[in-house]
Amino acid sequence: QEIKEEILFSSSPSQEDIKAILDMRQKIEKEKGGEKLKAGPGGLVDVEFIAQAIALLYGYQYKKLRTPSTFEILRNASLLEILTMQEAAQLIASYTFLRDVENRLRIVDNISLDSLPDAGEELEKLTRRYAQHLDNKKLTKDEFLAQIEDHTRKVRVIFESFFNQVYQSFIT
């Protein structure tokens, strides 16, 4: 563990390292982008990439970022003003929401599913399961899809802003 930390956190990653991280994310999105909840733009993977990039970028300075917990990294990043409180709160809320939807998919099919059903009937079932989970019997399929779209859009905005700032820091 000590050797691992020494290697990972001896210095901040280079511009080439950050480019490699972004290239890896683009490859995942290209190959599995249809898995909207997990690998699509603004999905769970975006939040995880932000958290891990923060750990790699700032972990050599701040030991509290050297944790495998996505939430802990995001919370600590906001305390260290790497992310704003609003960004961290949004990422945590969206991650929780998307993971919860993914779990609702898994409950019925008993397998890991990361894609929303295309068929109207299956999507209706998922909406009802999610609404029951929230004790919100009035949630419609369109409202549910709008919530998913809202979360993924907000995550993607933060993702792009964060990595743009990181990339710009190498230029200036």
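These numbers come from a predicted model, not from an experiment. (Residues numbered from 1 in each chain as written. Predicted model: local features only at pLDDT ≥ 70, side-chain atom pairs only at ≥ 80, totals over all residues. Heavy atoms only, no water.)

## Looking at the overall build of the protein chain
What counts here: Only DSSP runs of H or I reaching four residues or more are called helices, and only runs of E reaching two or more are called strands; each is numbered from the N terminus. Burial classification: accessible surface area is computed with a 1.4 Å probe over protein chains only, and a residue below 20% of its type maximum counts as buried, one above 50% as exposed, and the rest as partly exposed. Between two residues, a contact is recorded if the distance between any of their heavy atoms is within 4.5 Å. Accessible areas in this description were obtained via Shrake-Rupley with a 1.4 Å probe; residue shielding takes into account the shown protein chains only.
Within the protein chain one finds seven helices and zero strands. If you list the helices and strands of the protein chain from N to C, you get α-α-α-α-α-α-α. Out of the 172 residues in the protein chain, the part that is buried amounts to 38%. In the protein chain, once contacts between residues fewer than 6 apart in sequence are set aside, the share between residues at least 24 apart is 60%. For the protein chain, the exposed area adds up to about 9900 Å²; of that, 52% sits on carbon and sulfur atoms.

## A word on the packing of helix α3 (residues 44-58) against helix α7 (residues 141-171)
Our working definition: Axis definition: a line fitted to C-alpha atoms, limited for helices to the stretch in contact. Angles are taken between N-to-C directions and run from 0 to 180 degrees. Convention used here: angles under 35 degrees read as roughly parallel, angles over 145 as roughly antiparallel, angles from 65 to 115 as roughly perpendicular, and any remaining angle as oblique. Less than a right angle of anticlockwise turn of the near helix away from the far helix marks a crossing as left-handed, whereas a clockwise turn marks it as right-handed. Residue polarity is assigned by list, with Asp, Glu, Lys and Arg as charged and Ala, Val, Leu, Ile, Met, Phe, Trp, Tyr, Cys and Pro as nonpolar; anything else, Gly included, falls into the polar class.
The geometry of α3 relative to α7 is characterised by a closest axis approach of 9 Å and an angle of 25° between their N-to-C directions. As the angle between them shows, α3 and α7 are arranged roughly parallel. Considering the relative orientation of α3 and α7, their crossing is left-handed. Where α3 approaches α7, its residues D46, V47, F49, I50, A53, I54 and L57 are matched on the opposing element by V155, R156, I158, F159, F162, F163 and V166. Considering only residue class, the contact of α3 with α7 consists of twelve nonpolar, no polar and two charged.

## Considerations on helix α4 (residues 70-79)
For α4, the set of buried residues is T70, I73, L74, N76, A77 and S78. Count one or two residues on from α4 and you reach E81, which has phi positive near 65°.

## Structural notes on the packing of aromatic side chains
Defined as follows: Two rings from Phe, Tyr or Trp (for Trp, the six-membered ring) form a pair when their centres are within 6.5 Å of each other. A pair whose planes differ by under 30 degrees is stacked, one over 60 is edge-to-face, and the rest are tilted.
The final tally for this structure, using the stated rule, is three aromatic pairs. Pairing F71 with Y95 gives two aromatic rings, centres 5.6 Å apart and planes at 80°, and the pair type is edge-to-face. In this pair, F71 sits in helix α4 while Y95 sits in helix α5 (residues 85-109), placing the two residues 24 residues apart along the sequence. You can call F71 partly exposed: its relative accessible area is 25%.

## A short note on unusual backbone geometry
We note that E81 has phi near 65°; this positive angle belongs to a residue other than glycine. For E81, a relative accessible area of 72% corresponds to the exposed category.

## Some details on the side chain of T70
Tracing the backbone shows T70 in helix α4. Residues in contact with T70, not counting those within four places in the same chain, are V47, E48 and A51.

## Focus: the pattern of salt bridges
Formally: A carboxyl oxygen of Asp or Glu within 4 Å of a side-chain nitrogen of Lys or Arg is what we treat as a salt bridge.
All told, the structure shown has ten salt bridges when counted by the stated rule. Here D23 makes a salt bridge to K19, at a shortest N to O gap of 3.0 Å. Residue D23 and its partner K19 are both found in helix α2 (residues 15-32); the two are separated by four residues, about one turn of the helix. For D23, a relative accessible area of 35% gives the class partly exposed. Connected via shared salt-bridge partners are R25, E29, D46 and R156.

## Let's talk about the confidence of the model for the protein chain
Threshold: A residue's pLDDT is the predictor's confidence in that residue, given on a scale from 0 to 100.
Of the residues in the protein chain, 84% reach a pLDDT of 70 or more, and the chain-wide mean stands at 86. Across the protein chain, the secondary-structure element scoring lowest on mean pLDDT is helix α1 (residues 2-8), at 62, and the one scoring highest is α4, at 98.

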